[in-house]
Amino acid sequence: MAASPLVPALAQFRVEVSGVGLTQLPIALAPFKGQDASPQKISAIVQADLERSGQFRGVDASGQALDEASRPDLTLWRQRTADSLVVGSVTKLADGRFDVRFRLWDVVRGQDLGGQSYTVPQADLRLASHRIADYVYEKLTGEKGIFSTRIAYVTKGGSRYSLWVADADGENAQAALASPEPIISPVWSSNGSQLAYVSFESRKPVVYVHNVASGQRRLLANFRGSNSAPAWAPDGNSLAVTLSRDGGSQLYTIAASGGEPRRLTQSSSIDTEPTYSADGSTIYFVSDRGGAPQIYKMGANGGSPTRVTFSGSYNISPSVSGDGRWLAYISRVGGAFKLHVMELATGNVTAITDTTADENPSFAPNSKLIVYATQLGGREALMTTTLDGKIKARLAGQAGDIREPDWGPFQKQ
Amino acid sequence: MLKRTIYSLAIVALIAGCSSGTKLNDTPVVDRSGGAGQGSSGAASGVAPVTIDPNAATAQGPVGVARIVYFDYDSYTLKPEYQSLIDGHARFLKANPQRRISIEGHTDERGGREYNLALGQKRSEAVRRALNLLGISDNQVEAVSFGKEKPAVSGSGESVWAQNRRAEITYR
């Protein structure tokens, strides 16, 4: 942002961890040197990121700031029961940018686990912090971190609908689109530069593709009838969409550059909510061809579908994890709509929430967390959860109802 | 308690002071700032906002003919009681072949947004087919859906839901 406010990001979201993990790595985030003069408290952002993953527990790191240039006394940090320690510095440069540096220490083994530096404008201080969290997460768990990724979601405040892009912790929300008519179903392209979504601004649902950095948007599908449920093919060259132009809601693919759609399903029933497997070979979708909505899969070029969900009479909104192991979806259970996770190899299904109006799950790109919409205290809210449902964090907004989350891909570094 | 805090702060300060001269040569700090993308302002996380102006105009249809058809839960069957409404619009469209309508299907709030969009489409297409049967061609009629996005009445409960499960005829 050109005119960066001194007050960092409207604190639109708050994280409340409401579960206990089984094994959590104790980690200390010492205050970064120079942090008191920085608009963002780097160490606090990194600590909140790591705790939200469910795999870390922050230990008391109060005291003097420690930077990356000197070897800390690790005996002291062992006494504080930390297994790991992050130290660093943030320095404002003459050109107004900030130099952020950090180093990760294995306190138990007394080992230097390396560090990085970033030179960033003020608006990217949070991004730099999330990259530090990603580094620490990957070094200590062996899995890629998702803290520097972004989430898209929609808010409704009065009769105003807004499409937002926020950091994965829900902070730093920036409006990509504001409209007096509903916006639904935003989905990130696999390179994280574009969002496809459904807008009702022309008094009917049409699908747009929107370049987030430039604000340029173009109509992708505006055919007779309704146009909805966009899903990017992983290669980014085409999208699957639901169109009613030939009567009924049916699945089509359409080139990302637009043009004539190609029909994928031929049924007299509802076929909608397509989503690709990460390898692009399979499309999961919802169909009521069996009399009630269930999740099916088929080849990415169409063909004969196989049913995937069997219990319950209303299973919708499929999302497949990037590692291909898990299917998240919403199932109606006794009038309640609940987030379920299926292990695809075994077909084992677990309901992982206590809420009753869950919607629209979306996997983090490392397949370890799911973001979803639900209702809490009569308001729409976004939650993240681990796949076992044990660690949940609320991304709580102040202004209006929050819905339709989509977790973006890993960011290029 | 306060004393102890001060004491431990002093220790930290002391230790930090002692060790500040040690140089780290084994693992260099790697500069990773080169990969930042181009937002609208050079910030990698930049997002350019777009705003849509509100403008919606609906034209007059036949006088004295209702424009809303209601449906049962999970149903897209057009009830017989709406036949006279359909007849009225069919007569008007025949007499005014230059006029166009949009039939907007809606659902109640229960369930997913996209699946409800498809259900609403079923409802609007049920009305469209009823008009087709009376000789109105699809050139004059577009069936679309708003799913659960535009409830006529806000709130929950069967009386509210019943008013939201509907198809609305709008003249253009």
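None of these values were measured; they are calculated from a predicted model. (Residues numbered from 1 in each chain as written. Chains lettered and ligands numbered in written order. Predicted model: local features only at pLDDT ≥ 70, side-chain atom pairs only at ≥ 80, totals over all residues. Heavy atoms only, no water.)

A.B. asks: Would you mind showing me how to read the overall build of chain A here?
C.D. replies: Scanning chain A from N- to C-terminus turns up three helices and 29 strands. Against the compact-globule benchmark of 22 Å for 413 residues, chain A has a radius of gyration of 22 Å, which places it among compact chains. Across its three principal directions, the C-alpha atoms of chain A cover 70 × 45 × 40 Å. For chain A, with 413 residues in total, the buried portion stands at 61%. Taking all contacts inside chain A whose residues are at least 6 apart in sequence as the whole, residues at least 24 apart take part in 43%. (Helix = DSSP H or I, 4+ residues; strand = E, 2+ residues; numbered from the N terminus. Rg over C-alpha atoms; globule rule 2.2 N^0.38 Å. Buried < 20%, exposed > 50% of the residue type's maximum accessible area, 1.4 Å probe, protein only. Contact = heavy atoms within 4.5 Å.)

A.B. asks: Is there a simple way to think about the packing of aromatic side chains in this case?
C.D. replies: To describe a pair of aromatic rings, you give the distance between the ring centres and the angle between the ring planes. The final tally for this structure, using the stated rule, is ten aromatic pairs over all chains. Ring centres 5.6 Å apart and planes at 85° place the aromatic pair Tyr-314 of chain A and Tyr-115 of chain B in the edge-to-face group. A residue pair is termed interchain when its members come from two chains, as with Tyr-314 of chain A in the loop between β20 (302-307) and β21 (315-320) and Tyr-115 of chain B in helix α3 (residues 113-133). The pair Tyr-314 of chain A / Tyr-115 of chain B is uniform in exposure class, with both members buried. Its end group placed over the ring of Tyr-73 of chain B, Arg-110 of chain B keeps NZ or CZ at 4.0 Å from the ring centre. (Phe/Tyr/Trp six-rings, centres within 6.5 Å; stacked < 30°, edge-to-face > 60°. Lys NZ or Arg CZ within 6 Å of the ring centre and 35° of its normal.)

A.B. asks: Just to check I follow, could you spell out the packing of helix α1 (residues 42-52) of chain A against helix α3 (residues 125-141) of chain A for this structure?
C.D. replies: All names here are of chain A. For the pair α1 and α3, the least separation of the axes is 9 Å and the interaxial angle reads 50°. The orientation of α1 relative to α3 falls into the category oblique. The handedness of the crossing between α1 and α3 is right-handed. Of α3, the residues touching α1 (which contributes Ile-42, Ile-45, Val-46, Asp-49 and Leu-50) are Leu-125, Arg-126, Ser-129, His-130, Ile-132, Ala-133, Val-136 and Tyr-137. Its residues assigned to classes, the contact of α1 with α3 comprises nine nonpolar, two polar and two charged. (Axes fitted to C-alpha atoms, helices over the stretch in contact; angles between N-to-C directions. Parallel < 35°, antiparallel > 145°, perpendicular 65-115°, else oblique. Left-handed = near helix turned anticlockwise from the far one by under 90°. Nonpolar A, V, L, I, M, F, W, Y, C, P; charged D, E, K, R; others polar.)

A.B. asks: For this particular structure, what's the right way to read the environment of Phe-71 of chain B?
C.D. replies: Residues and elements named next belong to chain B. For Phe-71, the location among the structural elements is in the loop between β2 (68-70) and α2 (83-95). Once the C-alpha coordinates of Phe-71 and Ala-162 are considered, the two residues, 91 residues apart in sequence, prove to be 7.4 Å apart. Those residues in contact with Phe-71 that sit more than four places away from it in its chain are Tyr-76, Thr-77, Leu-78, Lys-79, Arg-123, Val-127, Arg-165, Arg-166 and Ala-167.

A.B. asks: How should I be thinking about the sheet that holds strand β17 (residues 271-276) of chain A in this particular structure?
C.D. replies: Residues and elements named next belong to chain A. Taken in spatial order, the four strands line up as β17-β18-β19-β20 in an open sheet, and their pairing is antiparallel. Bordering the open sheet on either side are β17 and β20, each of which pairs with just one other strand. The average angle at which neighbouring strand axes cross in this sheet is 30°, direction not considered. Bridge count for strand β18 (residues 282-287) against strand β19 (residues 294-299) is six bridges, and the pairing is antiparallel. (Pairing = 2+ DSSP bridges.)

A.B. asks: I tried to follow α3 of chain A on my own but got confused; where do I start?
C.D. replies: Since there are 3.6 residues in each turn of an α-helix, residues three or four apart along the chain are aligned in direction. All names here are of chain A. In this model, α3 (17 residues) spans 24 Å end to end at C-alpha, consistent with the 24 Å of a helix rising 1.5 Å per residue. Judged by how many residues are buried, α3 sits mostly within the fold: 13 of 17 residues are covered. Looking one or two residues beyond α3, the residue adopting positive phi is Gly-142, at roughly 80°. (Expected span 1.5 Å × (residues − 1).)

A.B. asks: Could you clarify how one ought to interpret the pattern of salt bridges in this entry?
C.D. replies: Once their charged atoms are close, side chains differing in charge can pair, the charge on each being opposite to the other. Under the defined criterion, the tally for this structure stands at 33 salt bridges over all chains. We note a salt bridge from Arg-109 of chain A to Asp-106 of chain A, for which the minimum N-O separation is 2.9 Å. The class for Arg-109 of chain A is exposed, based on a relative accessible area of 63%. A salt bridge links Glu-168 of chain B to Arg-166 of chain B; its shortest N-O distance comes to 2.7 Å. Each member of the salt-bridge network shares a partner with another, and the members are Glu-359, Glu-380, Arg-403 and Glu-404 of chain A together with Arg-113, Lys-148 and Glu-149 of chain B. (Salt bridge = Lys/Arg side-chain N within 4 Å of Asp/Glu carboxyl O.)

A.B. asks: I'm lost on unusual backbone geometry in this one. Help?
C.D. replies: Residues other than glycine predominantly adopt negative phi, and peptide bonds predominantly adopt the trans conformation. Residues and elements named next belong to chain A. Here Asn-172, not a glycine, exhibits a phi torsion of approximately 60°, which is positive. Among the secondary structure elements, Asn-172 is positioned in the loop between β7 (160-167) and β8 (174-179). Judged by relative accessible area, Asn-172 falls into the buried class, the value being 8%.

A.B. asks: For this particular structure, what's the right way to read the nonpolar core?
C.D. replies: When a protein is soluble and globular, its nonpolar side chains tend to lie buried together. Ile-42, Leu-50, Val-86, Val-100, Ile-132, Tyr-153 and Trp-407 of chain A are the most contacted members of the largest nonpolar core, which has 39 residues in total. For this core, the leading source of residues is α3 of chain A, giving seven residues. Setting aside residues up to four positions removed in sequence, Leu-50 of chain A forms contacts with Ile-27, Leu-29, Gln-55, Phe-56, Ala-133, Val-136, Tyr-137 and Phe-147 of chain A. Ile-270, Val-320 and Tyr-329 of chain A together with Leu-119 of chain B belong to the second largest nonpolar core, which has 26 residues in total. (Core = buried A, V, L, I, M, F, W, Y, C linked by side-chain atoms within 4.5 Å.)

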